[in-house]
Amino acid sequence: MSMPRRTTAADLLKLLRGSGIVSGELLSRELGVSRTAIWKQIVSLRSAGYRIDALPSQGYCLAAEPDLLDESCLRDALGSACLIGRRIVCYGETGSTNADAFSLAEQGAEEGTVLLADRQLSGKGRLGRRWESPAGVNLYCSVVLRPELPPYEAPQLTFLSAVAVARAIKATTGLQPAIKWPNDLLMNGRKVAGLLNEMNAETDRVGFVILGIGVNLNMRAEQFPSDLRTPATSLLLESGSAVSRQLFAIQLLRELDQEYRRFQQEGFGPVREDWACYCNAFGREVQVEMGGTTLRGPFMGIDHDGALLMQLSEGRIERVLSGDVTVI
Ligand code: BT5
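Residues numbered from 1 in each chain as written. Predicted model: local features only at pLDDT ≥ 70, side-chain atom pairs only at ≥ 80, totals over all residues. Heavy atoms only, no water.

(A) Looking closely at the sheet that holds strand E4 (residues 87-94). Taken together, seven strands build an open sheet; the order of strands is E4-E5-E6-E10-E9-E8-E7 and the sheet is mixed. The strands lining the two open edges of the sheet, one partner per strand, are E4 and strand E7 (178-180). The mean inter-strand angle of the sheet, taken between neighbouring strand axes irrespective of direction, is 20 degrees. For strand E6 (residues 139-145) and strand E10 (residues 206-215), the ladder comprises seven bridges, and the chain directions are antiparallel. Bridge pairing links Leu139 to Val215 in E10. With respect to the sheet, helix H6 (residues 156-173) is in contact with E6, E7, strand E8 (184-187), strand E9 (190-201) and E10, its orientation differing from that of E9 by roughly 145 degrees. (Pairing = 2+ DSSP bridges. Helix = DSSP H or I, 4+ residues; strand = E, 2+ residues; numbered from the N terminus. Axes fitted to C-alpha atoms, helices over the stretch in contact; angles between N-to-C directions. Contact = heavy atoms within 4.5 Å.)

Structural data, given as structure tokens:
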């Protein structure tokens, strides 16, 4: 006895995409299943966020698809030449993509492995802070890198990811973000993206680095909690148009790939120059909070290792390795 064929949602979507109205009869014939089976699939696709109109005595029409992250479409779009994204895993829901990437890297995940999630339940910021990560609207991404670097040079990778995010924002929206040292991207003074790089190292060499990237793409005003440390925004709020998560992810991974290749070939110099074009602090006074200390003075640029350089009142140049900066 032959087994009845199971229609997958993917088979059905293939027929509906780009076809206008498709009759239930044609779908049932093409897929070799009953019209009731087609209807059941339509109901489950609708509950997954697809808008499928049923037009009486005509058929079905795919009106809108949810903005899903799809591993195989991402891989196809990146092609085999990209190191970043040679392996991509998309989660529906997870605690933190950085925590997941860290444990995958401990188990030997190859360089260029990328984890993405629709939603994070305990998205991480720096110093144990929280990163708001609602479902369906933003980008939460972690990349495994295995650079041949001494551990003290690993912070340079934060600058590399900041430049890649800034470029991806420019390419997808036409808007120019500003980078605030070391890990914030701002639009009109509001935080639109944050970076969290985590490292595993021995004394003299990096084992791996996880580049953690959170970008507020389509987050709506009411989705931001009222108690954020700094004002926040999203690309949707700034540009007035929704950004496809899939397209943004492709653009970001391409930019990261390009920047990382250049970093490996030419070192930190070009990254540092690119970073300076987006930096919002040149020629301005900054205040840096680190631990319990607050320093204030003119911003003098970044050092060869990424440290922030500021001039103190006695004329001395202070190197700041970590802290929270406010541009005054
Ligand atoms: C950061 O920390 O900006 C790093 C954020 C990194 C998030 C990514 S998402 C993918 C990957 N997986 C993770 O678990 N994390 C990374 P920090 O500079 O400490 O900023 C955190 C502060 O920003 C919080 O204390 C809030 O005040 C504010 N904040 C939280 N969520 C925000 C959001 N979605 N947009 C803007 N600001 C936010």
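Here the narrative resumes.
(B) Structural detail: the nonpolar core. If you look at the biggest cluster of nonpolar residues, it comprises 66 residues, and the most contacted ones within it are Phe248, Leu256 and Trp275. Of the residues forming this core, the biggest block, 10 residues, is contributed by H6. Discounting chain neighbours no more than four positions away, the residues touching Leu256 are Ile84, Val143, Leu160, Ser161, Ala164, Leu211 and Ile213. Core analysis: the next-biggest nonpolar cluster, separate from the first, contains 14 residues, Leu16, Val22, Ile42 and Leu45 among them. (Core = buried A, V, L, I, M, F, W, Y, C linked by side-chain atoms within 4.5 Å. Buried < 20%, exposed > 50% of the residue type's maximum accessible area, 1.4 Å probe, protein only.)

(C) Examining the site of the ligand more closely. Close to the ligand lie 28 residues, the nearest being Ser96, Lys124, Lys191, Asn216 and Arg229. In the environment of the ligand, a nitrogen atom lies 3.0 Å from a nitrogen or oxygen atom belonging to the side chain of Gln120. At 2.7 Å from an oxygen atom of the ligand is found a main-chain nitrogen or oxygen belonging to Lys124. Across the complex, the protein chains shield 97% of the 810 Å² of accessible surface that the ligand would expose by itself. The pocket occupied by the ligand, as judged from atoms lying within 2 Å of grid points, is the largest pocket. Those elements that provide at least two residues to the shell around the ligand are helix H5 (97-106), E6, E9 and E10. Considering every element that reaches the shell around the ligand, the biggest residue donor is E9, with four residues. Across the shell around the ligand, the residue classes tally to eight nonpolar, 12 polar and eight charged. (Near = heavy atom within 4 Å. Polar contact = N/O pair within 3.5 Å; in protein donor to acceptor, adjacent residues only side chain to side chain. Areas by Shrake-Rupley, 256 points an atom, 1.4 Å probe, with all protein chains shown as cover. 1 Å grid on protein atoms, 1.4 Å probe; cavity = no way out; pocket = protein on both sides within 12 Å on 5 of 7 lines; lining within 4 Å. Sits in = over half its atoms within 2 Å of the grid points. Nonpolar A, V, L, I, M, F, W, Y, C, P; charged D, E, K, R; others polar.)

(D) Quick peek at the pairing of strand E13 (residues 308-311). With three bridges connecting them, strand E12 (residues 293-302) and E13 associate as antiparallel partners. The partner of Phe299 across the bridge, within E13, is Met310. Sheet topology note: the E13/strand E14 (residues 317-320) ladder contains four bridges and is antiparallel. What sits directly across from Met310, in E14, is Glu318.

(E) Summary view of the packing of aromatic side chains. Within this structure, the stated rule accounts for six aromatic pairs. Taken together, a centroid distance of 4.9 Å and an interplanar angle of 70 degrees make the contact between Phe102 and Phe208 edge-to-face. Note that Phe102 is positioned in helix H5 and Phe208 in strand E10, a separation of 106 residues in sequence. Where Phe159 meets Phe268, the ring centres are 5.8 Å apart and the plane angle is 70 degrees; that geometry is what we call edge-to-face. Within this pair, whereas Phe159 is found in helix H6, its partner Phe268 is found in helix H9 (residues 268-278), the two being separated by 109 residues in sequence. Exposure remark for Phe268: the relative accessible area of 7% places this residue in the buried category. (Phe/Tyr/Trp six-rings, centres within 6.5 Å; stacked < 30°, edge-to-face > 60°.)

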